[in-house]
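Now for the letters of each chain:
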Amino acid sequence: MLLEAGTQGSKIVEAMAELNNKAVIHLPKVGPFDFSITNTVLYMWLSAVIVFVLFFVAAKKMRKSPEGLQTTAEILLNFATGHLTGQIGEKGKKYYYLILTLFSFIIVTNLIGLVPKPTQLLGTTPTANINVTFGLAIVVFAVTQYQGFKRHGFRKYVGSWLAPPGVPKAMKPALNGIFFIVHFMGEFFKPLSLAVRLFGNIVAGHLIILVMLGLILQYGVALIVPAGAFVIIMLLFEVFVAFIQAYIFSILSVVYIESAIYAGH
Amino acid sequence: MDVHAAARLAAGIAMGFATIGPGIGIGLLTSGATQAIARQPEASGEVRTVFIIGLALAEALALYAFVVAIILMFVVA
């Protein structure tokens, strides 16, 4: 459909093809799976390396009075251990670093797409690909369910999905069924909404910028000033969204993990 | 009306209607948060956390419709 509309002369739709994945290194297909390395994967690796180097270099030579990279790393660490995981309590202490990693990785992946790059580098935002955000959400889902089943055991954890104590005896079986279905679906909707929220916010911002720039391509140079001004404002807003979405993703992960740790309370 | 036109129209309608609910929700949420901070400025940190979580949950509803609209635009049409 993209190509079809492109030949019809819609420059905006043509520009939207920029959001697609492009394979950088072609690898042979294994069955139905295509293991080719795309630009999304490359930029994901790049941001992972940036996060690693940031904390590695900062931890290499620690000073009493922090300077340079150490300040950034300490701000992130304090934010993750203090503010984000404040409500998880003593029991969830080992997840401080998962949340810290998620938070810094999502910030870097969001911001890496906002850095202007020449077209030869096939610039893209990894979090504008739903596979990436789903991967991150599946990690949170796995941690949540592992915590729930390990801490409470199968009976007690599934029991916390049933009707709360104190309901009339006659209604208990019916209510149990309804509560179980709702909670069971809820467990799967949590990671789904995490993934879709991050993906949707990033893609929506990119689409707006693309459409505004596509207007220049479509209707001529006269639109450069208004569209350009709008795009600049939108890009500034995108920086804000990059931070707020990383914050929301990690704080909701904390809430979900916490709800599994304290299930049935 | 052919399928392609219908799908594009549906994408626009879906997006427009889906923003009504979250719009009202975020408005109520912001008004509540401002009042809470105005009455109790010392609790502004906690109010902000709850506010942002609620914001994210309300916003997600519009984003589901956004994904549906994207599917309608680029997959169906």
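Shown above is the structure to which this text applies.
Residues numbered from 1 in each chain as written. Chains lettered and ligands numbered in written order. Predicted model: local features only at pLDDT ≥ 70, side-chain atom pairs only at ≥ 80, totals over all residues.

1. Structural notes on the overall build of chain B
Broken down by element type, chain B carries three helices and zero strands. Seen in sequence order, chain B has helices and strands lined up from the N terminus as α-α-α. Its C-alpha radius of gyration of 17 Å places chain B more than 25% over the 11 Å reference for a compact globule of 77 residues. When each of the 77 residues of chain B is scored for burial, the buried share is 14%. Taking as baseline every contact in chain B between residues at least 6 positions apart, the subset at least 24 positions apart corresponds to 82%. (Helix = DSSP H or I, 4+ residues; strand = E, 2+ residues; numbered from the N terminus. Rg over C-alpha atoms; globule rule 2.2 N^0.38 Å. Buried ≥ 20, exposed ≤ 12 C-beta atoms within 10 Å, placed from the backbone. Contact = placed C-beta atoms within 7 Å.)

2. Observations regarding the overall build of chain A
Check the secondary structure of chain A and you find eight helices and two strands. Along the first, second and third principal axes, the C-alpha set of chain A runs to 70 × 55 × 45 Å. A total of 265 residues make up chain A; the buried ones form 31% of that total. For chain A, the proportion of contacts with a sequence separation of at least 24, taken over those separated by at least 6, is 61%.

3. Some details on the packing of helix α7 (residues 172–219) of chain A against helix α8 (residues 224–261) of chain A
Look at α7 of chain A against α8 of chain A: their axes get within 9 Å of each other, and the N-to-C directions meet at 175°. The pairing of α7 of chain A with α8 of chain A is recorded here as roughly antiparallel in orientation. (Axes fitted to C-alpha atoms, helices over the stretch in contact; angles between N-to-C directions. Parallel < 35°, antiparallel > 145°, perpendicular 65-115°, else oblique.)

4. With respect to the packing of helix α2 (residues 20–39) of chain B against helix α3 (residues 44–76) of chain B
When two helices pack together, their arrangement is captured by the angle between the axes and the distance separating the axes. All names here are of chain B. The contact between α2 and α3 brings their axes to 9 Å, and the two run at 175°. Considering their axes alone, α2 and α3 lie roughly antiparallel with respect to each other. Together, Gly21, Pro22, Gly25, Ile26, Leu29, Ala33, Ala36 and Ile37 of α2 and Ser44, Val47, Phe51, Gly54, Leu55, Ala58, Glu59, Leu61 and Ala62 of α3 make up the contact between the two elements. Class assignment of the residues belonging to the contact of α2 with α3 gives a composition of 12 nonpolar, four polar and one charged. (Nonpolar A, V, L, I, M, F, W, Y, C, P; charged D, E, K, R; others polar.)

5. Digging into unusual backbone geometry
The phi angle at leucine 122 of chain A is positive, at roughly 55°, despite the residue not being glycine. When the 17 C-beta atoms within 10 Å are taken as the criterion, leucine 122 of chain A is described as partly exposed.

6. Considering the nonpolar core
Among the nonpolar cores identified, the biggest contains 51 residues, and Ile99, Phe103 and Phe249 of chain A are the most heavily contacted of them. Looking at this core, the elements that each hand over two or more residues are α3 (39–60), α4 (69–84), α5 (96–112), α6 (130–159), α7 and α8 of chain A together with α3 of chain B. Counting residues per element, this core draws most heavily on α8 of chain A, which supplies 11 residues. Setting aside chain neighbours within four positions, we find phenylalanine 249 of chain A in contact with Leu102, Ile106, Leu194 and Leu198 of chain A. (Core = buried A, V, L, I, M, F, W, Y, C linked by C-beta atoms within 7 Å.)

7. A few points about α3 of chain A
All names here are of chain A. Across its 22 residues, α3 extends 31 Å between first and last C-alpha, which sits within 8% of the 32 Å expected from 1.5 Å per residue. Among all positions in α3, only Thr40, Val41, Tyr43, Met44, Ser47, Val51 and Ala58 are buried. Lining the buried residues of α3 we find β2 (37–38), α4, α5 and α6. (Expected span 1.5 Å × (residues − 1).)

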